[in-house]
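Structure at a glance
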Amino acid sequence: MAETVTVDPTASKDQTYSDLARQIAAVVEGEPDRTARMATVTSILATAFEHFFWTGFYLVDPTKGDELVVGPYQGTLGCLRIPFGKGVCGTAAQTGQTQIVGDVHAFPGHIACDARSNSEIVVPVRDAQGRLIAVLDVDSSDYNSFDETDARGLEAILAQTFAQPASIPQP
Ligand code: SME
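Just so we're clear, the structure is a prediction, and the values are computed from it rather than from any experiment.

About the thresholds
- Residues numbered from 1 in each chain as written.
- Predicted model: local features only at pLDDT ≥ 70, side-chain atom pairs only at ≥ 80, totals over all residues.
- Heavy atoms only, no water.
- Axes fitted to C-alpha atoms, helices over the stretch in contact; angles between N-to-C directions.
- Helix = DSSP H or I, 4+ residues; strand = E, 2+ residues; numbered from the N terminus.
- Left-handed = near helix turned anticlockwise from the far one by under 90°.
- Contact = heavy atoms within 4.5 Å.
- Nonpolar A, V, L, I, M, F, W, Y, C, P; charged D, E, K, R; others polar.
- Near = heavy atom within 4 Å.
- Polar contact = N/O pair within 3.5 Å; in protein donor to acceptor, adjacent residues only side chain to side chain.
- Areas by Shrake-Rupley, 256 points an atom, 1.4 Å probe, with all protein chains shown as cover.
- UniProt positions renumbered as here; feature names shortened; annotations may be inferred.
- Parallel < 35°, antiparallel > 145°, perpendicular 65-115°, else oblique.
- Buried < 20%, exposed > 50% of the residue type's maximum accessible area, 1.4 Å probe, protein only.
- Pairing = 2+ DSSP bridges.

1. Structural notes on the packing of helix 1 (residues 13–28) against helix 2 (residues 34–48)
In contact at an axis separation of 10 Å, helix 1 and helix 2 are set at 145° when each is read in the N-to-C sense. Helix 2 is crossed by helix 1, and the crossing has right-handed handedness. Of the residues in helix 2, those touching helix 1 at L20, Q23, I24, V27 and V28 are R37, T40, V41, I44, L45 and A48. Looking at the contact of helix 1 with helix 2 residue by residue, the class counts come to eight nonpolar, two polar and one charged.

2. Details of the site of the ligand
In the vicinity of the ligand, the contacting residues are W54, Y58, I82, G87, V88, C89, H110, I111, C113, E120, D137 and D139. I111 places a main-chain nitrogen or oxygen 3.1 Å from an oxygen atom of the ligand. Within the side chain of D139, one N or O atom sits 2.8 Å away from an oxygen atom of the ligand. Surface burial for the ligand is 99%, taken as the share of its 300 Å² of free accessible area covered by protein chains. Considering each element in turn, the shell around the ligand owes the most residues, three residues, to helix 3 (residues 87–95).

3. Regarding the UniProt feature "domain: GAF" (unreviewed entry) in the protein chain
Sites flagged by UniProt as "domain: GAF" (unreviewed entry) map to residues 55–160. The distance from the first to the last C-alpha atom of residues 55–160 is 18 Å, and the span holds 21% helix and 35% strand.

4. Some thoughts on the packing of helix 1 against helix 4 (residues 148–163)
For any two helices packed against each other, the geometry is given by the interaxial angle and the distance between the axes. Axis separation between helix 1 and helix 4 bottoms out at 10 Å; the angle between their running directions is 15°. Judged on the interaxial angle alone, helix 4 and helix 1 are roughly parallel. Our pair here, helix 1 against helix 4, has a crossing hand that is right-handed. Note on element contacts: helix 4 touches helix 1 through T149, D150, G153, L154, I157, Q160 and T161, opposite K13, D14, Y17, L20, A21, I24 and A25.

5. Side note on helix 4
Of the positions making up helix 4, those classed as buried are D150, A151, G153, L154, I157, L158, T161 and F162. Check the buried side of helix 4 and you find it contacts helix 1, helix 2, strand 1 (52–60), strand 4 (99–101), strand 5 (119–126) and strand 6 (132–140). With a side-chain oxygen positioned 3.0 Å from the backbone nitrogen of T149, the residue opening helix 4 is D147.

6. Observations concerning the pairing of strand 1
Counting buried residues in strand 1 gives eight out of nine residues, a clear majority hidden from the surface. Two elements, strand 1 and strand 6, share seven bridges in a ladder whose sense is antiparallel. Its bridge partner being in strand 6, L59 is matched across the sheet by A134. Of the strand pairs in this sheet, strand 1 and strand 2 (residues 67–74) are connected by five bridges, and their pairing is antiparallel. Considered in strand 2, the bridge of L59 is made with V69. The antiparallel pairing of strand 1 with strand 2 creates a hairpin that spans six residues between the two strands, and G65 there sits at a positive phi of about 85°.

Below, the structure written as structure tokens:
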């Protein structure tokens, strides 16, 4: 198991995401627990990218179906529940599409959990059957922190960790 997160400061962002994907795969290898996988992804991303000041998951609450409840995260206190359709996380959950928001203050219905948040990216998380199980929310104190490279990099990490967890023993 990798002991620390290693990031090459000279690598491109694309390369960094590939390196992190490999490190995450190595750490969660054989671990079937979804919470453990989410906590690992959160820790590795937040450690690797210093401008990620809030990094975490909002899970689809199976008892409600149309509401997110906070899961593993790193950062300041996040709100506990977000209805589908509300804010950036709720929009990602409702549409099933990654949301890149360069200025959160211009986003209708944005939920301000931490006043320092100025831009964010929210990526839907699906299981092996394609069901939406959560969204990954990353907030930055900079404006325009996230682009298509972040979207593709995060989507790849989430797919390998939650939709194609080949290393999880089958029942
Ligand atoms: N920014 C999110 C709310 C959650 S927190 O920032 C932790 C949103 O508008 O969906």
